[in-house]
Every structure is written in C-alpha cells, then in structure tokens.
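Listed here are the chains, written in short residue letters.
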Amino acid sequence: MVDAALKDGTADRRCVFEVFARRLPDGRRYGVAAGLGRFLTALTDFRFGDDEIAFLRDRGVIDAGTASYLADYRFTGDIRAYREGEVFFPNSPVLQIEGTFAEAVVLETLALSIFNADSAIASAAARMVSAADGRPLAEMGSRRTGEWNAVAAARAAYIAGFGATSNLEAGRTWGIPTMGTAAHAFTLLHDSEEDAFRSQIDALGTGTTLLVDTYDIEAAVDTAVRLTDGKLGAVRIDSGDLPSVVASVRAQLDRLGATDTKITVTNDLDEYTIAALRAAPVDSYGVGTSVVSGSGHPAAGMVFKLVAHRDASHRDPADGGANDDGWVPVAKKSAEKATVGGRKQAGRRLRNGIATAEVVLTTGQVGPDERPLLVPVVTNGEVDPAFLGVQGVEAARAHHKMAKAELPADASRIGRGDPAIPTLVI
C-alpha cells in the first residue's frame, strides 16, 4: 500500500486511523485496554534498517523510491488513546492515530499485535480479580506461552490487579513484584520430603511456602508444621478437589496450632474455579494457562480502520486554502463489518459516579456529565514519557482500579451477560 500510495500521490494525505473492537467476546461485560506503554515503546524504535529494506527489495515488495522513503521513516504524527488500564466497550476508539497515510498505515500490525494480546490478558485477569474477591493473585503462566509473550502477559495481568508474577524478567523490566514456590521436582530430588522441606527452610526461612501435595498431603502438612514450630508462612496445593482439600488442610493447620499459616492454590485455575472457591479458606491464588491465554479468548478482537482523511483538494489556510478543516469521513459498508466514519470523541457518561453509557461522538465534544476518555500520548511524533516504563505501568494499574470502580455492580458478575453499559454512537 505504501509503495502504491507513493506512486499515485496519496501517501502524504493526512489520515486518521482508529483501533476498536466491534464486539466483546461472548459473555464478557467489559474489556480492559492494555498494551499502550508497550506500543509507545515499540513506536520509538520502529525503523527500517538496511537488512529489512534489502529483504523487501530482493523480493520485489518495494521499489527504490519506497526503499528511500522507508530508510528515513519516523512517525511524525499525533496519537490519542484510552489510558492504559481503562475499560472499553464495543466501538470504543481505544487508539486514534493521525498522520500521513504512509506513516500511519504501516503501524497496523504493530498496534494490533500488542493491543489484541495485552487487552485479552488484562480483560481475563480483571475477571479473575473480581472472582477472587480481594484475595491476592499471582501470575504464573510463563510456561504456557512464548518467552517474550510471557513478560508482556505478566505486565497486562498486573495492570488488571494481579499482585505479583513468577516471571523475573517482568519484574526486572516493568517493576512488577515477583514471587515463586518450589516445584515437585525439588521434593522428588531429595531422599525424603522432610529433607526437601528442611533444605528450603534453611535457604529461605520459615516464611517460605512449601508445596505439600507431592505424596500425601496430610503427612506433608504435619512435617511442615513440625519443622517450623508452627511458624510456616504458607502451603501450596496444586491438585485434587480443591474445595474439600483446602478445607481439610485449614482444619489440620489450625488443629496443629499453625493458625497464621496461609494456603495458596494453583492447579489450572480460571475465573470460574476461583469463584467456586470463594467459600473455601483460600488465602491466595496462582494462575497460569488461563490468564496468559485470555481465558478462552486469546485476542481482544480489535481492528485498525481508516475513518477520515483530508480532501484531495484541501490546502491549509497558510497556503491559500479555505478556512475549513477539509476532513472527509470514510467508512466500510461491508455486511456485518460496517464501520462508523469520522474522527471520534469518547466519554464515559456517569451518574453519581457510576457509568451509565459509553458515548462515542463523530462531531462535537463530550458533555459535562461525561468523563473524557481519549488523551494525547504522542504529539508531532514525540511520545509522552508518562506512559512509559515502570512509571507507566503503575499509573495504568491505578487508573484501572479507578475505571473499574465506576462500573455498575453487576459488571463484575462472572456469568454470561451483555456489556455492562451500552455504547451510544452519536
């Protein structure tokens, strides 16, 4: 497209692209926008080097003129976005990119690959946080996804309310609290379970978490309490009928005087199994496969669409043109894939602090009873550093907590339902 647009003269036409989801995954009541900080970081490094350009030329994808254009590529436009951690609904303009056609259109895969994955994970994680009802969750899914996807997944889950990750690179890169427990392999390595427990306690102290279901849970709990004089930090349970096993272990710990010892559970948890454990004496959860895979919905369904461009005859007033903005709204008419043309404004309509509607406007500004949702994140190609790095992650986590608190009470219901609030496209 860039190659052809450079040839026909449309490459420099000013355009607006928007990223949005036509619908939420079946049964989901809201989505969580995540990935903005990663996208902006990637944008600052988005370049075409000699090797990339040679690859494109050798395969006939571009000609010499396009190669020259790409060699000098820098995004110089403007981007507005929903703050990271914000909740979104069908047709929410989560990301809005304005620039020339050529410089904006090449960002499609960069934007969608990040936003679709991170938002899917954050959306699933937010449901698990609701199901946990205030009990802490740790992300432990690195073994169930790609190596760098695991780092991004830990980040998205943390933004949505998880308290820690087992991924140390995510801790190093994004400042996420890290945690971990011994695996069954450590117990199996030793001549006895008691030897394994002694070794772990010697290394980490009595505040550690011991894995008690390698052999016999009741015997393991007895040993763990005896070795720590009842001062053990926690036990982890990774198998069995969790509600009954947890209840039995809690009763045993209390009977042995280890009333302060916590119980953490793992074992292929998702939002439904977490909700089913609400009545059980569980203190914390470790979630792996389900959170890093979006709990059945690995992509957020977001698309990248051109919604407006400058009129071909438009000239700025400084160049002798008319004093109008010259923007032309454009939209698809495809069956079941129609879009709404025009650059959008978006606001969350609130009543007594509770959201009642997502308002998406094609003209005008959001009203006084609506919280504006789109904020500038890139101006003239310059990224706002407030959205980057550890600082950006912590800001996103705090914003998510605020945005989620605005939703109606039934938005946190884990069962199937329609979006928590309607989207009004005006």
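Our subject is the structure that appears above.
First things first, this report covers the structure right here in the doc. All values reported here derive from a predicted model rather than from experimental measurement.

## Focus on the packing of helix 3 (residues 50-58) against helix 4 (residues 64-71)
And then number 1: Packing of helix 3 against helix 4 brings their axes to within 10 Å, and their N-to-C directions diverge by 160 degrees. In terms of orientation, helix 3 lies roughly antiparallel with respect to helix 4. For the pair helix 3 and helix 4, the crossing hand works out as right-handed. Contacts between helix 3 and helix 4 involve Ile53, Leu56 and Arg57 from the first element and Ala64, Ala67, Leu70 and Ala71 from the second.
And then number 2: Classifying every residue of the contact of helix 3 with helix 4 gives six nonpolar, no polar and one charged.

## Overview of the packing of aromatic side chains
And then number 1: Under the criterion given, the structure shown has six aromatic pairs.
And then number 2: Each ring, one from Phe17 and one from Phe101, has its centre 6.1 Å from the other, and the planes form 40 degrees; the classification is tilted. On the criterion of sequence distance, the pair formed by Phe17 in strand 1 (residues 14-21) and Phe101 in helix 5 (residues 101-105) is long-range, its members being 84 residues apart. The two residues Phe17 and Phe101 agree in class, both being buried.
And then number 3: Here the aromatic residues Phe17, Phe101 and Phe304 are joined through ring pairs into a cluster of three or more.
And then number 4: If you follow Arg155 out to its NZ or CZ, it ends over the ring of Trp174, 4.6 Å from the centre.
And then number 5: It is Arg343 that lies over the ring of Trp327; its NZ or CZ is 4.8 Å from the centre.

## What to know about the pattern of salt bridges
And then number 1: For the coordinates displayed, the defined rule picks out 22 salt bridges.
And then number 2: Among the ionic pairs, Arg371 bridges to Glu406, the shortest N-O distance being 2.9 Å. Within this pair, whereas Arg371 is found in strand 16 (residues 370-372), its partner Glu406 is found in the loop between helix 15 (389-405) and strand 19 (423-425), the two being separated by 35 residues in sequence.
And then number 3: Taking relative accessible area as the criterion, Arg371 reaches 16% and is therefore assigned buried.
And then number 4: In this structure, a network of salt bridges that share partners links the residues Glu86, Arg348, Glu358, Arg371 and Glu406.

## Topic: the nonpolar core
And then number 1: Residues Ile237, Val265, Ile274, Tyr285, Val287 and Val291 are the most contacted members of the largest nonpolar core, which totals 55 residues.
And then number 2: Sort the elements by how many residues they give to this core and helix 6 (residues 108-132) lands first, with eight residues.
And then number 3: Counting 50 residues, the second-largest nonpolar core is a separate cluster that includes Leu70, Val94, Leu110 and Ile114.

## With respect to the side chain of Thr208
And then number 1: Within the fold, Thr208 resides in the loop between helix 10 (193-204) and strand 8 (209-211).
And then number 2: On the basis of relative accessible area, Thr208 is assigned to the buried category, the value being 10%.
And then number 3: Of note is the side chain of Thr208, whose polar atom sits 2.9 Å from the side chain of Gln200.
And then number 4: Dropping the residues within four chain positions of it, Thr208 is found in contact with Gln200, Ile201, Leu232, Gly233 and Ala234.

## Topic: the sheet that holds strand 14 (residues 345-351)
And then number 1: Here we have four strands laid out as an open sheet, ordered 16-14-15-19, and mixed in their pairing. Edge positions in the open sheet fall to strand 16 and strand 19, since each of these has one partner strand only. The mean angle between the axes of side-by-side strands here comes to 30 degrees, regardless of whether they run parallel or antiparallel.
And then number 2: Two elements, strand 14 and strand 15 (residues 354-361), share seven bridges in a ladder whose sense is antiparallel. Across the sheet, residue Gly347 finds its bridge partner in strand 15, namely Val359.

## Details of the pairing of strand 15
And then number 1: The element strand 15 is largely enclosed, with a buried count of six among its eight residues.
And then number 2: Counting the residues in the hairpin turn of strand 14 and strand 15 gives two residues, including Asn352, whose phi is positive at 55 degrees.
And then number 3: Relative to strand 19, strand 15 is paired through three bridges, and the arrangement is parallel. Across the sheet, residue Val360 finds its bridge partner in strand 19, namely Val425.

## Some points on unusual backbone geometry
And then number 1: Residue Asp133 is not a glycine yet carries a positive backbone phi of 55 degrees.
And then number 2: You can see Asp133 is positioned in the loop between helix 6 and strand 6 (137-139).
And then number 3: Even without a glycine there, the phi angle at Asp229 is positive, about 55 degrees.
And then number 4: With respect to the helices, strands and loops of the structure, Asp229 is situated in the loop between helix 11 (217-227) and strand 9 (234-237).
And then number 5: Since its relative accessible area comes to 65%, Asp229 is described here as exposed.

## Thoughts on the pairing of strand 10 (residues 262-265)
And then number 1: As judged from the four bridges shared by strand 9 and strand 10, these two strands associate in the parallel manner. In the sheet register, Arg236 faces strand 10, and the bridge partner there is Thr264.
And then number 2: In the classification by handedness, the crossover that spans strand 9, the intervening helix 12 (residues 242-255) and the parallel strand 10 is right-handed.
And then number 3: Pairing of strand 10 with strand 11 (residues 284-287) involves two bridges; the strand directions are parallel. From the neighbouring strand, Val265 faces strand 11, where its bridge partner is Tyr285.
And then number 4: With respect to chirality, the unit in which strand 10 leads through helix 13 (residues 271-276) into the neighbouring parallel strand 11 is right-handed.

Rules and cut-offs
Residues numbered from 1 in each chain as written. Predicted model: local features only at pLDDT ≥ 70, side-chain atom pairs only at ≥ 80, totals over all residues. Heavy atoms only, no water. Axes fitted to C-alpha atoms, helices over the stretch in contact; angles between N-to-C directions. Helix = DSSP H or I, 4+ residues; strand = E, 2+ residues; numbered from the N terminus. Parallel < 35°, antiparallel > 145°, perpendicular 65-115°, else oblique. Left-handed = near helix turned anticlockwise from the far one by under 90°. Contact = heavy atoms within 4.5 Å. Nonpolar A, V, L, I, M, F, W, Y, C, P; charged D, E, K, R; others polar. Phe/Tyr/Trp six-rings, centres within 6.5 Å; stacked < 30°, edge-to-face > 60°. Buried < 20%, exposed > 50% of the residue type's maximum accessible area, 1.4 Å probe, protein only. Lys NZ or Arg CZ within 6 Å of the ring centre and 35° of its normal. Salt bridge = Lys/Arg side-chain N within 4 Å of Asp/Glu carboxyl O. Core = buried A, V, L, I, M, F, W, Y, C linked by side-chain atoms within 4.5 Å. Polar contact = N/O pair within 3.5 Å; in protein donor to acceptor, adjacent residues only side chain to side chain. Pairing = 2+ DSSP bridges. Right-handed = clockwise from strand over helix to strand, strands pointing away.

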